[in-house]
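A closer look at the structure
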Amino acid sequence: MTPATTSPALSDPPLLPLAFGDLQGCRTPFQQLLAKAAPPAGTPLWFAGDLINRGTESLATLRDVIALGEQAVPVLGNHDLHLLSVSAGIRKSKKGDTIDEILAAPDSADLLEWIRHRPIAHFDNGMLMVHAGVLPQWDVNLTLELADELQRALRAPNWKETLAGLYGNEPNRWKPGLKGIERLRLTCSALTRIRFCTAEGTMDFSSSGGLNAAPPGCMPWFDVPARKTADVTVVFGHWAALGLILRDNLIGLDSGCVWGEQLSAVRLAQQPAERTLTQVECENCRAAAGGN
Ligand SMILES: [Mn+2]
């Protein structure tokens, strides 16, 4: 006879993160989506980058995310880096940008400091989040190592010099021997800008369209055969023209909120069947005509 057992006080399972697509300053859809998804208190809220720009409420959106404290886990996107570059005098503001209100805020320096110290990649429980994508030769460990190099460079005293050196399309292909600013630029291009590349992982930035707009010889970065991050689930944003994409090992979250489409959030269960999608429609959140 087995001794009677009382159920041990099982600790509650860890809360599954809820991952959001690119907010881009669309505060009302964000608040609506958060209310609709109604995650349990303390749920980690992941953000796939580009918290700000193009939408009408960049400053308030940024403040909302910062107010979440450690509950918020954002990675840096190209628009977030663009804001830092404009603030540092490295780049000029573009038509359609909605970052002036952040730059003009009384606590602008604190806001920019917070952005500059966000990670470039985040990995937990088999989920790898980056803003745009990864190169096929990179496994999770190498991706995190390269992201760490880049985020440390952006936190160093000479961060402006680094940031100024991150712009440009070359090198467009990974080589283990890459060093210095070229290595950082390649890392930044892949993690925050990539959409299409060749089977060999050579990035092509000429198209921001959907699957039917691949440059000759190119495919989406995630469809490269034998991609070394295929053994985890990659969570990303950035590619509004692609729209929401849900595969067992791939979660593309930019469903074009700022373009009047939807804002999406996915509960990041390990088992694909247990993942849940919540969406809200987005209207009138884009500030003015501008590029992507
Ligand atoms: Mn982006």
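1. Remarks on the state of the cysteines
Per the counting criterion, the structure on display carries 2 disulfides. Across a sulfur-sulfur distance of 1.8 Å, Cys26 and Cys285 are joined as a disulfide pair. Of this pair, Cys26 sits in the loop between β1 (18-20) and α1 (27-37) while Cys285 sits in the segment after β13 (277-281), placing them 259 residues apart in sequence. Among the residues examined, Cys285 registers a relative accessible area of 6% and is labelled buried. The thiol of Cys197 is not disulfide-bonded; the next cysteine sulfur, from Cys218, is found 7.0 Å away. For Cys197, a relative accessible area of 0% translates into the label buried.

2. Some thoughts on the nonpolar core
In this structure, Phe20, Phe47, Trp138 and Trp221 are the most contacted members of the largest nonpolar core, which totals 73 residues. The greatest single-element share of this core, amounting to 7 residues, is contributed by helix α6 (residues 140-155). Setting aside residues up to four positions removed in sequence, Phe47 forms contacts with Phe20, Leu23, Phe30, Val65, Leu68, Ala72, Val73, Pro74, Val75 and Met129. Ala48, Val73, Val235 and Ile251 belong to the second-largest nonpolar core, a separate cluster that totals 12 residues.

Thresholds applied
- Residues numbered from 1 in each chain as written.
- Predicted model: local features only at pLDDT ≥ 70, side-chain atom pairs only at ≥ 80, totals over all residues.
- Heavy atoms only, no water.
- Disulfide = S-S within 2.5 Å.
- Helix = DSSP H or I, 4+ residues; strand = E, 2+ residues; numbered from the N terminus.
- Buried < 20%, exposed > 50% of the residue type's maximum accessible area, 1.4 Å probe, protein only.
- Core = buried A, V, L, I, M, F, W, Y, C linked by side-chain atoms within 4.5 Å.
- Contact = heavy atoms within 4.5 Å.

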